[in-house]
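The residues making up each chain are set out below.
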Amino acid sequence: VQLQAFGGGLVQIGGSLRLSCAASRRTETMGWFRQAPGKEREFVAVNWSSGIAYYADSVKGRFTISRDNAKNAVYLQMNSLKTEDTAVYYCAARLSGNFKCTASYRYWGQGTLVTVSS
């Protein structure tokens, strides 16, 4: 499965961005992770094709993950952005294990940079 993420950019504090990730074929689970400079990659959100979703506490209430199963795509709507949301965002697919762990995902996209400025 090939994943391509896009939609990152520069946004001011409090602004919004929508990330998209297109998969070459359908997968049951797709998620988003992020990696800030000097930090480990961390879980952001995950979505099953059934619609069930989980979020990291740091983004709950601000970010929304959604799927378009017909397009094999997953989206991350990010609202009320904070400077601490600045990171490279990666989409991932094919979960086997703990959905919060990077090692549980088999396929990864190339990442898209989100910069939140003051």
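Look up: the structure comes first, before these words.
(A) Main features of the sheet that holds strand β7 (residues 63–68). If you walk across this open sheet you meet the four strands as β1-β3-β8-β7, and the pairing is antiparallel. Pairing within the sheet leaves two strands with one partner each, and these edge strands are β1 (3–6) and β7. Sheet twist, expressed as the average angle between the axes of neighbouring strands with direction ignored, equals 15°. Looking at chain direction, strand β3 (residues 17–23) and strand β8 (residues 73–78) are connected through six bridges and run antiparallel. Residue pairing in the sheet places C21 in a bridge with V74 of β8.

(B) Local environment of the environment of R106. For R106, the position within the fold is in strand β10 (residues 105–108). Sequence separation of R106 and V11 is 95 residues, and the distance between their C-alpha atoms is 30 Å. Every residue in contact with R106, bar those within four places of it in the chain, is listed here: A93 and R94.

(C) Quick peek at the packing of aromatic side chains. Within this structure, the stated rule accounts for eight aromatic pairs. When the centroid spacing of 4.9 Å and the interplanar angle of 20° are considered together, the rings of Y54 and F99 count as stacked. With Y54 in strand β6 (residues 53–55) and F99 in the loop between β9 (87–95) and β10, the pair connects residues that are 45 residues apart, well separated along the chain. The class for Y54 is partly exposed, based on a relative accessible area of 41%. Grouping aromatic residues by their ring pairs yields a cluster made of F33, F43, W48, Y54, F99, Y105 and W108.

The rules behind these values
In this numbering scheme, every chain counts its residues from 1 along its sequence in written order. Residue-level local features of this predicted model are given only where pLDDT is at least 70; pairs of side-chain atoms are given and counted only at 80 or more, and the full residue set underlies all totals for whole chains, interfaces and linings. To obtain the side-chain values, all non-hydrogen atoms of the structure were included, while hydrogens and water were left out. Criterion used throughout: strands pair if DSSP finds at least two bridges between them. Runs of E in the DSSP output that reach at least two residues are strands. Runs of H or I that reach at least four are helices, and both are numbered from the N terminus. Only the stretch in contact is used when a helix axis is fitted, and all axes are lines through C-alpha atoms; the angle between N-to-C directions ranges over 0 to 180 degrees. Residues are treated as being in contact if the distance between any of their heavy atoms lies within 4.5 Å. Side-chain rings of Phe, Tyr and Trp, where Trp is taken by its six-membered ring, are said to pair if the distance between their centres is within 6.5 Å; with planes under 30 degrees apart they count as stacked, over 60 as edge-to-face, and otherwise as tilted. Remark: exposure states derive from per-residue accessible area (1.4 Å probe, protein chains only) relative to the maximum for the residue type, with buried under 20%, exposed over 50%, and partly exposed in between.

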